[in-house]
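# Topology and contacts: notes
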Amino acid sequence: MAETITIIDDRTGKQVTVPITGGVFPSSALRQLDPKLRVYDPAFLSTAACKSSITYLDGDAGILRYRGYPIEQLAEKSTFLEVAYLLLNGELPTDAQLEKWSYDVIHHTMIHENMRKRFVDGFHYDAHPMGMFTSAIAALGTFYPDAKDIHTKESLDKQTLRLIAKSPTIAAMCYRFSMGLPFVSPNNSLDYSANFLNMMFRIGDDHRVNPVLAKAMDLLFILHADHEQNCGTTAMRVVASSNADPYSAAAAASSALYGPLHGGANEAVVHMLSEIGSIDNVPTFIADVKAGKGRLMGFGHRVYKNYDPRAKIIKKAAYDVFEVTGKNPLLDIALKLEEAALKDDYFVQRKLYPNVDFYSGLIYQALGFPVEMFTVLFAIPRMTGWLAHYAELLRDDDQKISRPMQWYTGVDARDYVPLNKRK
Ligand code: CMC
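Residues numbered from 1 in each chain as written. Predicted model: local features only at pLDDT ≥ 70, side-chain atom pairs only at ≥ 80, totals over all residues. Heavy atoms only, no water.

Turning our attention to the nonpolar core. One finds Ile170, Phe196, Met272, Leu296, Leu337 and Phe369 to be the most contacted residues of the largest nonpolar core, which totals 122 residues. At 13 residues, helix α18 (residues 374-395) tops the list of elements feeding residues into this core. Per-domain counts for this core show at least three residues from each of domain 2 (68-259) and domain 3 (265-367). Ignoring anything within four residues of it in the chain, the contact list for Leu296 reads Met272, Phe285, Ile286, Val289, Leu337, Ala341, Phe347 and Phe358. Core analysis: the second largest hydrophobic core is formed by 6 residues, Ile7, Val16, Ala29 and Leu30 among them. (Core = buried A, V, L, I, M, F, W, Y, C linked by side-chain atoms within 4.5 Å. Buried < 20%, exposed > 50% of the residue type's maximum accessible area, 1.4 Å probe, protein only. Helix = DSSP H or I, 4+ residues; strand = E, 2+ residues; numbered from the N terminus. Domains from an automatic or database assignment. Contact = heavy atoms within 4.5 Å.)

Take a look at the structure:
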């Protein structure tokens, strides 16, 4: 059967038939019918705004793949830096490529002294780390005159390397500032995730990062590295489409991630579990959600209408972490909540399942992170995904500056009324 779609404009009788490729037809079909015709699609529910070969997501089947590799296999067998290489380059690195990439990342983790002394020190003592992180990413670009040279591959690769290497340093710096602790310099003998934990938590010379916790951190970084056209990545692409430098675009993406419906949800989950307080209060909480008094945070997803595969992996990893740190007391409430929601008609009918944020906060808390740092922990690995999309967009000949159309619903033309004649 022909994979085409025929659209008829009943106002004129004009019709157009265009191919459907991979479930997608071009909007140029509508322009052929009438250049002024618009599709009203708030929040892009049916709009593919780009072609992408980075991440594949099937929300109904609960499938997530980076460059074709199932997330479950990457979570079990890979490392964050290897996954970062894969996302950016399209293929897993060879031994030599991985060695060079890891060396380069580790040797770009330092931050200019002025970033800390002049920039971060200028924040109010109780500034939210995510607000600090977002601003610091934008500010970082001002330290590099070549930041705006985005059309030379060599320069763009350099900015990409800097942003991925320095994000953990900036994140740890924001945390240490908010705690009034001295800044810990990057340690080149540690891997990406262990180095981050060291910069975060080092107190005293005998501090050693627990390898089980570093592995859990690395796993969480892998799971958060990309998620195709989510709100933050879309912000990244829209800003990139104006050819703004990657630091400015990443700051925009980071701002989008900050919101409680996006990367801020893991923080909201822990607040929610703490407020519920005990498994006895779970039924009342569920009843309140069903009555429209708030949402069950960490549940539901625009794309997943099935269990988020990342949530499954995180739930399993939580137990490894709790063996080292002791069980997070909120875990029992989370488990009870999940059990109650998954058999409740309200959640079943709406296909609301745990998403990545439902259990990640519990691990972060067990690792010693304050809730304010949770979204920052999401932003560090997502930086890689954002940058992979940034580069993909620049290479895509179909792309132009992003400029959606609107459906104007305001008043029609009218004459200006002088101040003394207004009622
Ligand atoms: N709790 C209770 N009801 C919900 C929830 C929830 N978490 N999520 C959706 N619903 C209901 C919603 O009220 C609506 O019901 P009705 O049809 O009766 O009006 C229906 O389900 C569809 O919801 P929607 O708001 O149209 O769905 P959406 O695709 O626009 O929203 C979402 C997706 C993730 C914003 C939403 O599910 C939500 O707010 N979840 C809680 C926040 C959260 O956990 N966010 C993290 C998302 S995963 C990480 C990330 O992407 O950053």
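Still more ground to cover, so stick around.
Examined at the domain level, the chain breaks down into domain 1 (4-58), domain 2 (68-259) and domain 3 (265-367). Between the C-alpha centres of domain 2 and domain 3 there is a distance of 27 Å. Each partner contributes to the roughly 1,400 Å² buried at the junction of domain 2 and domain 3, and carbon and sulfur atoms together form 76% of this total. Inspection of the domain 2/domain 3 interface yields 2 residue pairs in polar contact (both at pLDDT 80 or more). Mapped onto the side of domain 2 that touches domain 3, the elements with two or more residues apiece are α2 (71-77) and α9 (211-223). Among the elements that line the side of domain 2 that touches domain 3, the one with the most residues is α9, at 7 residues. Classifying every residue of the side of domain 2 that touches domain 3 gives 10 nonpolar, 5 polar and 1 charged. (Buried area = accessible area lost by both parts, 1.4 Å probe. Polar contact = N/O pair within 3.5 Å; in protein donor to acceptor, adjacent residues only side chain to side chain. Nonpolar A, V, L, I, M, F, W, Y, C, P; charged D, E, K, R; others polar.)

Going residue by residue along strand β2 (residues 15-19), you find Val16 and Val18 tucked away on one face and Gln15, Thr17 and Pro19 left uncovered on the opposite face. Two elements, strand β1 (residues 4-8) and β2, share 5 bridges in a ladder whose sense is antiparallel. Within the sheet, the bridge partner assigned to Ile8 lies in β2 and is Gln15. (Pairing = 2+ DSSP bridges.)

Glancing now at the site of the ligand. Taken together, 20 residues surround the ligand, and among them His262, Arg295, Leu296, Gly298 and Arg302 come closest. Phe299 places a main-chain nitrogen or oxygen 2.9 Å from a nitrogen atom of the ligand. Tyr346 places a polar side-chain atom, nitrogen or oxygen, 3.0 Å from a nitrogen atom of the ligand. Notes on the ligand: free accessible area 940 Å², of which the protein chains cover 72%. (Near = heavy atom within 4 Å. Areas by Shrake-Rupley, 256 points an atom, 1.4 Å probe, with all protein chains shown as cover.)

Read across the open sheet, the 3 strands follow the order β3-β4-β5; overall the sheet is antiparallel. With partners counted over all chains shown, the strands left at the sheet margins are β3 (55-58) and β5 (69-70), one partner each. Sheet topology places β3 next to strand β4 (residues 63-66); 4 bridges connect them, and they run antiparallel. The residue of β4 that forms the bridge with Asp58 is Ile63.

Right, let's talk about the environment of Leu88 for a bit. Summarising the element assignment, Leu88 is placed in helix α3 (residues 80-89). Residue Leu88 is classed as buried on the basis of its relative accessible area, which comes to 18%. Expressed as a C-alpha distance, the spacing of Leu88 and Asn210, which sit 122 residues apart in the sequence, is 29 Å. Apart from residues no more than four positions distant in its own chain, Leu88 is found in contact with Arg67, Trp101, Thr160, Ile164, Thr384, Leu387 and Ala388.

A separate point is the packing of helix α4 (residues 95-106) against helix α7 (residues 153-179). Orientation of α4 relative to α7, taken along the N-to-C sense of each, is 65°, at an axis distance of 8 Å. Between α4 and α7, the crossing angle belongs to the class labelled roughly perpendicular. Along the contact surface, α4 presents Trp101, Asp104 and Val105, while α7 presents Leu161, Ile164 and Ala165. (Axes fitted to C-alpha atoms, helices over the stretch in contact; angles between N-to-C directions. Parallel < 35°, antiparallel > 145°, perpendicular 65-115°, else oblique.)

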